[in-house]
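Reading the structure
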Amino acid sequence: VRGTIPRSSKTIWVDGVIAALGVAALETTLVISPIANLNSGSPIIVATNIAYPIGDLVLVTMVVAVFAVRGWRPGRLWWTLGIGLVVFAAADSVYVLRVLSNHYVTGTPLDSLWLIGALFMAFAAWQRMGTGNAARNEPSIEAPNLIPVVFLLTSVGVVVFATLHARILAVGVVLATASIVIAIGRSAWAFRQLRVLADSRREARTDELTGLPNRRLFFERLAECLGPGTTLTTAVLMIDLDRFKEINDSLGHHVGDDVLRELGPRLTAAVDTSGTVARLGGDEFGLVLDSPIDEIGRASCRERV
């Protein structure tokens, strides 16, 4: 798995842990706990009966973790292997439960589940190991992954179910609790990364000195207004400050910076909400107005500036 997805994000591995713990908690609560409660023989017999579901549980949780690591698009190999292991695990669990409750009958469709599971696993062995989507695309942190949320909800359900039934093994509750704690940590980390991404996106389009949009945002806005299918009447103004170099040379660059910082709010107030004001660099500013300006509007703008 590591060889086919060498560039997977840490978030994907965390999702795999959450999914594996969620499946383990669910299997422990619904299958292993009833088997342990029905066993009344010697410790060796009890351990033998539980060993099969536990072994199946380990394999199924590993496959579920692989599903998560490969971006929940694992490919035909892992789908067939996963189906085979799930069928095999279901057959072992139902068989042990029926034997312990004296309801097992030979010749039922249950006996064919092992053959079906083995057939799927054999078919999986013929498949080629493909590169998962997780190796090509990093997971998006802009939206929560649905699968970890599902396993989080199942873990919460396990905890609630355990509080209502006293004979549930504590191991299932521990696994469910661990899944919930890790999921909460993963959500907090994703929220932090989302905030960092939003800040980086805003800083990449904002002039550091004046706080106005920078050249990049100005041209993006201009492309939107002049793009195909646009019905807006757009006006573009380029503003350059005369004798600005003299201010820097005679009074210092810090005074020039103060002038630029003072000019930004004035231009923004003059344009109001009808356009975008951006600093293009140095003492150059650009304005994109979304609607036509008449003579009265021009005079009003000059007066406010």
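None of these values were measured; they are calculated from a predicted model.

A look at the nonpolar core
Membership of the largest hydrophobic core comes to 28 residues, with the highest contact counts inside it found for Val 23, Val 60, Val 64, Trp 72 and Phe 151. Those elements that place two or more of their residues in this core are α1 (10-38), α2 (43-69), α3 (76-100), α5 (146-164) and α6 (170-204). Ranked by residues supplied to this core, first place goes to α1 with nine residues.

Some thoughts on the packing of aromatic side chains
A full pass over the atoms with the stated rule returns five aromatic pairs. Considering the side-chain rings of Phe 67 and Trp 79, the 4.9 Å spacing of their centres and the 80° angle between planes classify their relative orientation as edge-to-face. Taken together, the positions of Phe 67 in helix α2 and Trp 79 in helix α3 put the pair 12 residues apart, joining distant regions of the chain. Of the residues examined, Trp 79 reaches a relative accessible area of 45% and is grouped as partly exposed. On the numbers, 4.9 Å between centres and 85° between planes, the contact of Tyr 95 with Tyr 104 is edge-to-face. Taking the relative accessible area as the measure of exposure, Tyr 104 reaches 27% and is therefore partly exposed. Pairwise contacts between aromatic rings join Tyr 95, Tyr 104 and Trp 114 into one cluster.

Some remarks on the packing of α2 against α3
A packed helix pair is summarised by two numbers, namely the angle formed by the two axes and the spacing between the axes. At a minimum axis separation of 9 Å, α2 and α3 run at an interaxial angle of 155°. Comparing their axes, α3 and α2 come out roughly antiparallel. As α2 runs across α3, the sense of the crossing is left-handed. Residues Asn 49, Tyr 52, Pro 53, Asp 56, Leu 59, Val 60, Val 63, Val 66 and Phe 67 of α2 form the contact with α3, whose own contacting residues are Trp 78, Trp 79, Gly 82, Leu 85, Val 86, Phe 88, Ala 89, Asp 92, Ser 93, Val 96 and Leu 100.

Considering helix α4 (residues 110-125)
The end-to-end C-alpha separation of α4 is 24 Å, in line with the 22 Å expected for 16 residues at 1.5 Å each. Those residues of α4 that fall on the buried side of the exposure criterion are Leu 110, Gly 117 and Ala 124. Here the buried residues of α4 occupy an arc of 25° about the axis, which is enough to place them on one side. Across from the buried face of α4, at angles greater than 90 degrees, the exposed residues are Leu 115, Leu 119 and Ala 125. Close packing links the buried residues of α4 with α3.

With respect to the side chain of Gln 127
Mapped onto the elements of the fold, Gln 127 is located in the loop between α4 and α5. What makes Gln 127 buried here is its relative accessible area of 17%. Here the side chain of Gln 127 touches Phe 123 through a polar contact of 3.2 Å, landing on its backbone oxygen. Beyond its immediate sequence surroundings of up to four residues, Gln 127 is in contact with Arg 76, Leu 77 and Thr 80.

Some points on the environment of Pro 53
Relative to the elements of secondary structure, Pro 53 occurs in helix α2. With 25 residues separating them along the chain, Pro 53 and Thr 28 place their C-alpha atoms 8.9 Å apart. In contact with Pro 53, other than residues within four places in its own chain, are Glu 27, Val 31, Ile 32, Ile 35 and Ser 93.

Structural notes on the pairing of strand β2 (residues 275-281)
Of all seven residues in β2, five are buried; the element is thus mostly enclosed. As paired elements, β2 and strand β3 (residues 284-289) share six bridges and run antiparallel to each other. Within the sheet, the bridge partner assigned to Arg 279 lies in β3 and is Phe 285.

Focus on the pattern of salt bridges
Evaluation of the coordinates by the stated rule reveals five salt bridges. A salt bridge links Arg 243 to Glu 246, with the nearest nitrogen and oxygen atoms 3.1 Å apart. For Glu 246, a relative accessible area of 42% gives the class partly exposed. In this structure, the salt-bridge partner of Arg 261 is Asp 258, at a minimum N-O distance of 2.6 Å. Taken together, the residues Arg 261 and Asp 258, both in helix α9 (residues 253-271) and three residues apart, mark about one turn of the helix. A relative accessible area of 37% places Arg 261 in the partly exposed class.

Rules used in this analysis
- Residue indices begin from 1 for each chain and proceed along its sequence in written order.
- Owing to the predicted nature of the model, reporting of local features is limited to residues with pLDDT of at least 70; listing and counting of side-chain atom pairs is limited to 80 or more, with chain, interface and lining totals taken over all residues.
- Only heavy atoms go into the side-chain values, all of them from the structure, while hydrogens and water stay out.
- Definition of nonpolar core: a set of buried residues of the types Ala, Val, Leu, Ile, Met, Phe, Trp, Tyr and Cys, connected through side-chain atoms within 4.5 Å.
- We call a residue buried when its accessible area falls under 20% of the maximum for its residue type, exposed when it is over 50%, and partly exposed in between, using a 1.4 Å probe and counting protein chains only.
- By the criteria applied, helices consist of DSSP H or I runs no shorter than four residues and strands consist of E runs no shorter than two, each listed in order from the N terminus.
- Here a Phe, Tyr or Trp ring, Trp counted by its six-membered ring, pairs with any other such ring whose centre lies within 6.5 Å, and the pair is stacked when the planes are under 30 degrees apart, edge-to-face when over 60, and tilted otherwise.
- Helix axes use the C-alpha atoms of the stretch in contact, all axes being lines fitted to C-alpha atoms, and the angles between their N-to-C directions lie in the range 0 to 180 degrees.
- Roughly parallel covers angles under 35 degrees, roughly antiparallel covers those over 145, roughly perpendicular covers 65 to 115, and oblique covers all other angles.
- Should the near helix be turned anticlockwise from the far one by less than a right angle, the crossing is termed left-handed; should it be turned clockwise, right-handed.
- Contact definition: two residues touch when any of their heavy atoms are within 4.5 Å.
- Any helix carries an expected span of 1.5 Å times its number of residues minus one.
- To obtain the arc, one takes the directions from the helix axis to the C-beta atoms.
- For the purposes of these results, a polar contact is taken to be a pair of N or O atoms within 3.5 Å, where, inside protein, one atom must be able to donate a hydrogen and its partner to accept one; residues adjacent in sequence count only when each atom of the pair is a side-chain atom.
- Two strands make a pair as long as DSSP finds a minimum of two bridges between them.
- The salt bridge definition used is simple: a Lys or Arg side-chain nitrogen within 4 Å of an Asp or Glu carboxyl oxygen.

What is shown is where atoms sit, not what they do.
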